[in-house]
Amino acid sequence: MTSRDLESVALMLVSEGKGILAADETTPTLTKRFDALGIQSTEQSRRTYREMLFTCPGAAEFISGAIMYDETIRQKSSGGAPLAEALTVQGILPGIKVDTGAKALAGSPEETVTEGLDGLRDRLREYRGMGARFAKWRAVIHLSDALPSAACVSANAHALARYASLCQEQELVPIVEPEVLMDGPHTIERCEEVTGMVLHAVFHALFEHGIALEGMLLKPNMILAGTECARQAPVEEVARATLRCLRRHVPAAVPGIVFLSGGQNARLATAHLNAINRLPGAKPWKASFSYGRALQDPALEAWHGRDANLPAGQRAFHHRARCNGAASVGKYSDAMEAASPTADDPLHSRDWRDD
Ligand code: 13P
């Protein structure tokens, strides 16, 4: 695969009106989500749940790729084909989470550094052989008056760059995810300051490691006030701050920015993406989604672990995929929610965040 091929996969992932489903929760994280709804977490129930999402009729109109976890890419659908194949037959590109989690940073235990570089080349080769076309690595940055430390930012940026370089060597498009968490009382201004600093460090590391920017995607947080901040910015302000920060720090050669939802309520995550895409002015990259909770929560709630509810789960997932597809081209409206198959937008449990 040449860097041209990587570029075409990256472009496919952000093709018009489409975004990515992040369904790569680790088994402990998905078990927490199942537990909260009284669903038993077994290899079989996790497979059924992922198959429900991956085979949702019509979802491929809005979903370009799906990120899997190691267990999932090794599972077979009820029809006996690998789950990765269930995606490709629909025209959805299979992706894989390849980091092994955020671990306490020695010397600054309130912060984390993401691990998973040991043996990564061989794992990437194996995943590519199983049909994966792109990969994901998530760095986690805690924010406070004093954090992040310079050591945390540079260790995570360095790991992201080494991961991205190995991915491109092994013919996988790297999704580079530096997530500045929304927990805490910080202001939207502080989020913008820290996110800008982190993006600057990440692109510096990517430059040092010779990453082909055309063959990668960035998965950042939006610029939001902390969840415990008294002043929550309105949708327009979030959109303006997010676009300003990205314009300042993300090179135009990157084909797409696919946001994480980070614990935002599902409809708000859609409204923010829509507002970003409606802002005037230069936007050299596509701005789309790679949502986990904001795409899945209503579907998980509707399914509730029961086979009889599989069509209801798929309808709920299809609805959020459709709304976010529209938001990725600035065409989402409140009226679209009137067609929602779920009575209420279920509230997120922010503790459901991946480890
Ligand atoms: P959320 O959209 O739930 O934040 O998940 C996205 C993701 O992939 C985090 O790594």
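The coordinates are above.
This write-up is about the structure you can find in this document. Numbers given for residues are sequential positions, taken from 1 along each chain in its written order. Residues qualify for local features only when their pLDDT is at least 70, as the model is predicted, and side-chain atom pairs are given and counted only at 80 or more; totals for whole chains, interfaces and linings, by contrast, use all residues. In computing side-chain properties, one takes all heavy atoms of the structure into account and sets aside hydrogens as well as water.

### Observations concerning the environment of Arg278
Item 1. For Arg278, the location among the structural elements is in helix α10 (residues 266–278).
Item 2. What makes Arg278 exposed here is its relative accessible area of 58%.
Item 3. As for Arg278 and Ser328, which are separated by 50 residues in sequence, their C-alpha atoms are 9.4 Å apart. Helix numbering and strand numbering both begin at the N terminus, where a helix is a DSSP run of H or I of at least 4 residues and a strand a DSSP run of E of at least 2. When a residue's accessible area, from a 1.4 Å probe over protein chains only, is under 20% of the maximum for its type it is buried; when over 50% it is exposed; and in between it is partly exposed.

### Points about helix α6 (residues 120–129)
Item 1. Among the residues of α6, Leu120, Leu124 and Tyr127 are the ones counted as buried. For α6, the arc enclosing every buried residue in end-on projection is 65°, short of the 170-degree limit, so these residues lie on one face.
Item 2. At the exit of α6 stands Gly131, carrying a positive phi of roughly 105°. Arc definition: it is the arc formed by the directions from the helix axis to the C-beta atoms.

### Points about the packing of helix α9 (residues 235–249) against α10
Item 1. For helices, the axis comes from a line fit to the C-alpha atoms of the stretch in contact; other axes are also lines fit to C-alpha atoms, and the angle between any two N-to-C directions lies between 0 and 180 degrees. Where α9 meets α10, the closest approach of the two axes is 8 Å, and the angle between their N-to-C directions is 60°. With respect to α10, the axis of α9 lies oblique. Where α9 crosses over α10, the two elements pack in a sense that is right-handed. Mapping the contact onto sequence places Val235, Glu236, Val238, Ala239, Thr242 and Leu243 in α9 and Leu268, Ala271, His272, Ala275 and Ile276 in α10.
Item 2. Counted by class, the contact of α9 with α10 contains eight nonpolar, two polar and one charged residues. Geometric relationships in this document are graded by angle, where less than 35 degrees denotes roughly parallel, more than 145 denotes roughly antiparallel, 65 to 115 denotes roughly perpendicular, and other angles denote oblique. Crossing handedness follows the turn of the near helix against the far one: under a right angle anticlockwise gives a left-handed crossing, and clockwise gives a right-handed one. For this analysis, residues touch if any pair of their heavy atoms sits within 4.5 Å. Any residue that is not Ala, Val, Leu, Ile, Met, Phe, Trp, Tyr, Cys, Pro, Asp, Glu, Lys or Arg is counted as polar, Gly included; the first ten are nonpolar and the last four charged.

### Thoughts on the pattern of salt bridges
Item 1. Salt bridges are defined by distance alone: a side-chain nitrogen of Lys or Arg within 4 Å of a carboxyl oxygen of Asp or Glu. Overall, the coordinates contain 21 salt bridges when judged by the stated rule.
Item 2. Here Lys136 and Glu177 are joined by a salt bridge, their closest N and O atoms 3.5 Å apart. Of this pair, Lys136 sits in strand β6 (residues 134–141) while Glu177 is found in strand β7 (residues 173–180), placing the two residues 41 residues apart along the sequence.
Item 3. For Lys136, a relative accessible area of 4% puts it in the buried group.
Item 4. The closest approach of N and O atoms between Glu192 and Arg244, which form a salt bridge, is 2.8 Å. One end of the pair, Glu192, is in helix α8 (residues 188–208); the other, Arg244, is in helix α9, and 52 residues separate them in sequence.
Item 5. By relative accessible area, which is 14% here, Glu192 ends up buried.
Item 6. Exposure remark for Arg244: the relative accessible area of 35% places this residue in the partly exposed category.
Item 7. Ionic contacts of the salt-bridge type, sharing partners, join the residues Asp24, Lys136, Arg138, Glu177 and Glu179 into one network.

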